[in-house]
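Here is what each chain is made of, one letter per residue.
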Number of protein chains: 2
Amino acid sequence: MEVQLKELKKRLPQLFSREKFSFSEEVRYAHSFDASRLRGVPEVVFFPETEEDVTKLVKLCFNYRVPIFCRGAGTATTGSSLPMMPAVVISFSKMNRILELNQEERVLRVQPGVLTGKIKEYLRKYQLFYPPDPASYKYSTIGGNVATGAGGPRCFKYGTTRDYVLALRVVLADGRVLKTAPYTLKHSAYYNLTPIFVGSEGTLGIFTEIVLKVVPLPESSYLFLVGFSKEEDALTFINRVIKFGITPSAAEFVDKTTLKALSSFEEARDLIYQLGRNLEALLFLELDGEEEKVRKEVAKVKEFLKEKGLSYLGSGVEPEIESLWEVRRCISPSLRRLGSFKVSDDVTIPRRYSEEFLRFLRRLEGESGIFVCAFGHAGDGNFHVNLITDDEKKRATVEELRKKIIKQVLSLGGTSSGEHGIGYTKKTFLSFELDEVQKDLMKKLKKLFDPYGILSPGVKVVDE
Amino acid sequence: MEVQLKELKKRLPQLFSREKFSFSEEVRYAHSFDASRLRGVPEVVFFPETEEDVTKLVKLCFNYRVPIFCRGAGTATTGSSLPMMPAVVISFSKMNRILELNQEERVLRVQPGVLTGKIKEYLRKYQLFYPPDPASYKYSTIGGNVATGAGGPRCFKYGTTRDYVLALRVVLADGRVLKTAPYTLKHSAYYNLTPIFVGSEGTLGIFTEIVLKVVPLPESSYLFLVGFSKEEDALTFINRVIKFGITPSAAEFVDKTTLKALSSFEEARDLIYQLGRNLEALLFLELDGEEEKVRKEVAKVKEFLKEKGLSYLGSGVEPEIESLWEVRRCISPSLRRLGSFKVSDDVTIPRRYSEEFLRFLRRLEGESGIFVCAFGHAGDGNFHVNLITDDEKKRATVEELRKKIIKQVLSLGGTSSGEHGIGYTKKTFLSFELDEVQKDLMKKLKKLFDPYGILSPGVKVVDE
């Protein structure tokens, strides 16, 4: 059957009031990009206010075979919310309410369009905490976070988004509504469907309600910013701390090449110079939890630091902690100084191979003359590898390097994405990563949930 | 196609050495029961030593359409490992090795036949901890725990088995091997297949390797055993503690009817009498973690106890803690004193309805003259409801009561199983619990993974 976009557009004004959809060029344009460099202009932007709006629209799209893409705040790095063919984009900007907090059970029910930062802020009033913290959390939505399985610095201790989703209401491709699990803390009756949707990037169903587990707000926290004169030592230091039984809430690594860019960045420079002039790497090590526990762990880490003769800054009080984290946030803008062409991945490896992986990256950097940055969530083995150059002619080399890196990651038992998902930009990698059995099951699952392929077509699937 | 059991039995001695399979009556009999009262005698018992043994067998079974049931230690309460038709039972007793501990990443790789208690013991040497603790953990296997999504007292704080399985190697119905996820701490590349298998009760695939996340061993713990003169007060007390921000590692409830049985049990009686003579309920409240944190929480709980004038026993040192837990372990044997006919379920409700649910159960008990016990993991809203009578004529009434209870549970937004799974014994409930969309997807998923229905046929699926 053919895509009947015209029919769909005819039916929309009959079924929905004017403010629920738009064909205007401006609105369509505003929904045509995300944090990747891709572009995809929708034919229609739809603004549901209720689950019923979504089911009605999806049933129409199903009948007319019109593709649907879902959009939270458009912060994905992979293009996953952008249509590459005539399609409807559903914007969840009007489904942005916190529905219910159950304090005793520590369960929060929200709509997909709520900003994750708003959830954190709301919970703080009740001394509760939703830990996942992708860099974008202040301006990305929980629906988008669930769709990508978002992570963040605090995930080594607390786990990623998938560890906090108890249940979902999902509109299926044919417009039926699936409740993925009972809203209880435990269940063992049905097949556990919730996690299939977490990280599915819009390809299996559309969320209309998200039930989250939340935890008590940690009583106190302490942040170390440590300087290393040899970059590998920062990675070894993490292992030292963890092996001792300490679970840092964050262990963020800044590698040599990234540090070069960061040191030239005004907002970060002064703090970094306090640590020393000839540093190769930084480590943000955050400890959190009950006050006395943090105090003891801080003492232990200081002992380790002294042992190794490492310089550090540290604080357990709020404005200071934030100002240290500010250095971390300067990484992305500072990288632009290394060159105008930048490709970014978020590979993840078993952490034990971190040092080996870093040496491999440095070899590639030396051979290629392309900047290779590898900062990020070293506690999880999740590195944001950025390849940067100013030399237009080296674009092809960059793509070659990317492939080499992914192949190395896979040979170490790693994965092409730790938290950003695949979207369009990492599909080649997915085809390297999956074996025949995995590809077969991925395809069959997709077919089961989306028989006509109308949900985010082209996203995440392996091309043949 | 027909089941060709004869052909299979002919092929086995050609393909496998003698110690890997058995047709003997004794061996078959030994594999014909579990902790339910069901019986199911297999035609063949197979004892694989490697994944290759499993794939070879499963390919044969697939070709000859012979049903396969998997068996760990046979402690399921639902009959899920028992064939109700000519079938092969795979016993994992020889695939019982701990394969690899990665201390830095806190990842443990094991074979399915390892006893969960052995895993706990092994990890303790490294100051590490695998938290899920079903009552059977000393003699049940990790493979069985994963297959049922097992829980236990410590799951309120630590989560259930599903929160600890990072990845699985699974032999599919056609004998192909699926690796469900990369062996990394984070991943967002493929559809997250691991959790579909956790709690699938052998109906979707056969585990040959299990990768577990483990956590640091808590530094200290403290156990309270509190007596209540009104049973509902015990449930309210849990809310009080949690709302204050304390997360007990266990909150185990002993209701009025259960306490009656327990108080007449020699091994438990003396301790209970120390708490008072006219008690209606007990609460086991365990706190664990860093020493100072536990000390503070213990002080706070003692304050709450004093406020309410409640009597309690408490200890933070090991042999004493164990002797208090011993009372909890006396529950099951003591219940037999209430009557010879006993039906047990493990319903779970949103905890906020616990008091209301308990009142409902007492009404049923009063009307029916059947003992209604409701002890268990009250922190999770997970109650082990046991219906007990000595009156043979009341069996039908018991079944009626069960249905009424499940319907009440479902109307409160609960589920028929928190941790035991469905097996055969709770299939009727599953058909009450699932709506049409859920039933449809359950069936389609089953069909996708097991097109000829050879994996544990009859288990967990909804009958039409």
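Remember, it's a predicted structure, so these values are computed and weren't measured experimentally.

So, how was this worked out
Chains are numbered independently. Their residues run from 1 in the order of the written sequence. By the order in which they are written, chains take letters starting at A while ligands take numbers starting at 1. It should be noted that, the model being predicted, local features are given only for residues of pLDDT at least 70 and side-chain atom pairs only at 80 or more, the latter also being counted only at that level, while totals for whole chains, interfaces and linings use all residues. Hydrogens are left out, water is left out, and the side-chain values use all remaining heavy atoms of the structure. Strands are runs of DSSP state E lasting at least 2 residues, helices are runs of H or I lasting at least 4, and numbering of each runs from the N terminus. The globule rule used here is 2.2 Å times the number of residues to the 0.38 power, and the radius of gyration it is set against is calculated over C-alpha atoms. Using a 1.4 Å probe on the protein chains alone, a residue whose accessible area is under 20% of its type maximum counts as buried, one over 50% counts as exposed, and one in between counts as partly exposed. In what follows, residue pairs with any heavy atoms lying within 4.5 Å of each other are defined as contacts. Only the protein chains shown count as cover for residues, and the accessible areas themselves come from Shrake-Rupley with a 1.4 Å probe. Note: two strands are recorded as paired if DSSP finds a minimum of 2 bridges between them. You can read pLDDT as the predictor saying how much it trusts each residue, on a scale of 0 to 100. Buried area: the sum, over both parts, of the accessible surface (1.4 Å probe) that disappears when the two are put together. Here a polar contact is recorded for every N or O atom pair within 3.5 Å, except that within protein the pair must consist of a potential hydrogen donor and a potential acceptor, and residues adjacent in sequence are included only if both atoms are side-chain atoms. Residue type decides the class: Asp, Glu, Lys and Arg count as charged, Ala, Val, Leu, Ile, Met, Phe, Trp, Tyr, Cys and Pro as nonpolar, and the leftover types, Gly among them, as polar. We place the copies in one frame by least squares, fitting the C-alpha atoms of every residue whose pLDDT is at least 70 in both. For helices, the axis comes from a line fit to the C-alpha atoms of the stretch in contact; other axes are also lines fit to C-alpha atoms, and the angle between any two N-to-C directions lies between 0 and 180 degrees. Should a side-chain nitrogen of Lys or Arg be within 4 Å of a carboxyl oxygen of Asp or Glu, the pair is scored as a salt bridge. A pair of Phe, Tyr and Trp rings is counted when the ring centres sit within 6.5 Å of each other, with Trp represented by its six-membered ring. The angle between the planes then sorts it: under 30 degrees is stacked, over 60 is edge-to-face, the rest tilted. Any Lys NZ or Arg CZ found within 6 Å of a ring centre and within 35 degrees of that ring's normal is scored as a charge over the ring.

Draft legend 1. Up close: the overall build of chain A. From N to C terminus, chain A includes 17 helices and 18 strands. By the compact-globule yardstick of 23 Å for 464 residues, chain A fits well, its C-alpha radius of gyration being 23 Å. Dimensions of chain A along its principal axes, counting C-alpha atoms only, are 70 × 60 × 45 Å. Here chain A holds 464 residues, and 63% of them are scored as buried. For chain A, contacts bridging at least 24 residues in sequence account for 73% of all contacts bridging at least 6. Accessible area of chain A: about 17,300 Å², with a carbon and sulfur share of 50%.

Draft legend 2. Representation of the sheet that holds strand β4 (residues 88–91) of chain A within the structure. Residue and element names in this part refer to chain A. In spatial order, the strands read β1-β2-β4-β3; together these four strands make up an open sheet with mixed pairing. For this open sheet the edge positions go to β1 (21–22) and β3 (68–71), each flanked by a neighbour on one side alone. Relative to β4, β3 is paired through four bridges, and the arrangement is parallel. What sits directly across from Arg71, in β4, is Ser91.

Draft legend 3. Seen up close, the confidence of the model for chain A. For chain A, the mean per-residue pLDDT works out to 95, and 100% of the residues sit at or above 70. Model confidence for the complex: the whole-complex pTM is 0.95, and ipTM, which rates the interface, is 0.94.

Draft legend 4. The arrangement of the interface of chain A and chain B in detail. Across the contact, 82 residues belong to chain A and 83 residues belong to chain B. Summed over both sides, the interface of chain A with chain B buries roughly 6,800 Å², with 56% coming from carbon and sulfur. Linking chain A to chain B there are 38 residue pairs in polar contact (both at pLDDT 80 or more). Among the elements of the structure, β5 (98–102), β9 (177–179), α7 (194–197), α8 (231–243), α11 (291–308), α16 (427–433) and α17 (436–449) of chain A are those that each provide at least two residues to the side of chain A that touches chain B. It is α17(A) that provides the largest number of residues to the side of chain A that touches chain B, a total of ten residues. In the side of chain A that touches chain B, the residues fall into 28 nonpolar, 29 polar and 25 charged.

Draft legend 5. Broad picture of the relation of the copies chain A and chain B. It takes a turn of 180° to lay chain A on chain B, together with a shift of 0.0 Å along the axis; the resulting RMSD is 0.0 Å. Taken together, the rotation and translation relating the two chain copies correspond to the operation of a two-fold axis.

Draft legend 6. Main features of the packing of helix α9 (residues 256–263) of chain B against helix α10 (residues 266–275) of chain B. All names here are of chain B. Between α9 and α10, the least distance of the axes is 8 Å, while the angle of their chain directions is 115°. Together, Leu259, Leu262 and Ser263 of α9 and Ala268, Arg269, Ile272 and Tyr273 of α10 make up the contact between the two elements. A per-class count over the contact of α9 with α10 returns five nonpolar, one polar and one charged.

Draft legend 7. Broad picture of the pattern of salt bridges. Taken as a whole, this structure holds 76 salt bridges over all chains when the rule is applied. A salt bridge links A:Arg362 to A:Glu231, with the nearest nitrogen and oxygen atoms 2.6 Å apart. Placement of the pair is A:Arg362 in helix α14 (residues 354–368) and A:Glu231 in helix α8, with a sequence separation of 131 residues. This pair shows no difference in class: A:Arg362 is buried, exactly as A:Glu231 is. Bridged by salt links that share partners, the residues A:Glu100, A:Glu105, A:Arg109, A:Glu209 and B:Arg352 form one connected network.

Draft legend 8. Looking closely at the sheet that holds strand β3 (residues 68–71) of chain B. Residues and elements named next belong to chain B. As summarised here, the arrangement of the four strands in space is β1-β2-β4-β3, forming an open sheet in which the pairing is mixed. Of all strands in the sheet, those with a lone pairing partner are β1 (21–22) and β3, marking the two edges. Helix α3 (residues 51–64) contacts β2 (44–46), β3 and β4 (88–91) of the sheet and is inclined by roughly 170° relative to β4.

Draft legend 9. Focus on the pairing of β4(A). Residue and element names in this part refer to chain A. With burial as the criterion, each face of β4 is covered, one bearing Val88 and Ile90 and the other bearing Val89 and Ser91. In this structure, strand β2 (residues 44–46) lies alongside β4, joined through three bridges in parallel fashion. Within the sheet, the bridge partner assigned to Val45 lies in β4 and is Val89.

Draft legend 10. View of the packing of aromatic side chains. Residue and element names in this part refer to chain A. Summed over the entire model, instances satisfying the criterion amount to 34 aromatic pairs over all chains. Ring centres of Phe244 and Phe304 lie 5.5 Å apart, and the angle between their planes is 85°; this geometry places the pair in the edge-to-face category. Taken as a pair, Phe244 in the loop between α8 and β13 (250–254) and Phe304 in helix α11 lie far apart in primary sequence, 60 residues in all. Of the residues examined, Phe304 reaches a relative accessible area of 3% and is grouped as buried. Every member of this aromatic cluster is reached through a ring pair, and the members are Phe253, Phe357, Phe360 and Phe383. We note Lys179 situated over the ring of Tyr183; from NZ or CZ to the ring centre the distance is 4.8 Å. In this arrangement the basic side chain of Arg277 is found over the ring face of Tyr273, its NZ or CZ atom lying 3.8 Å from the centre.

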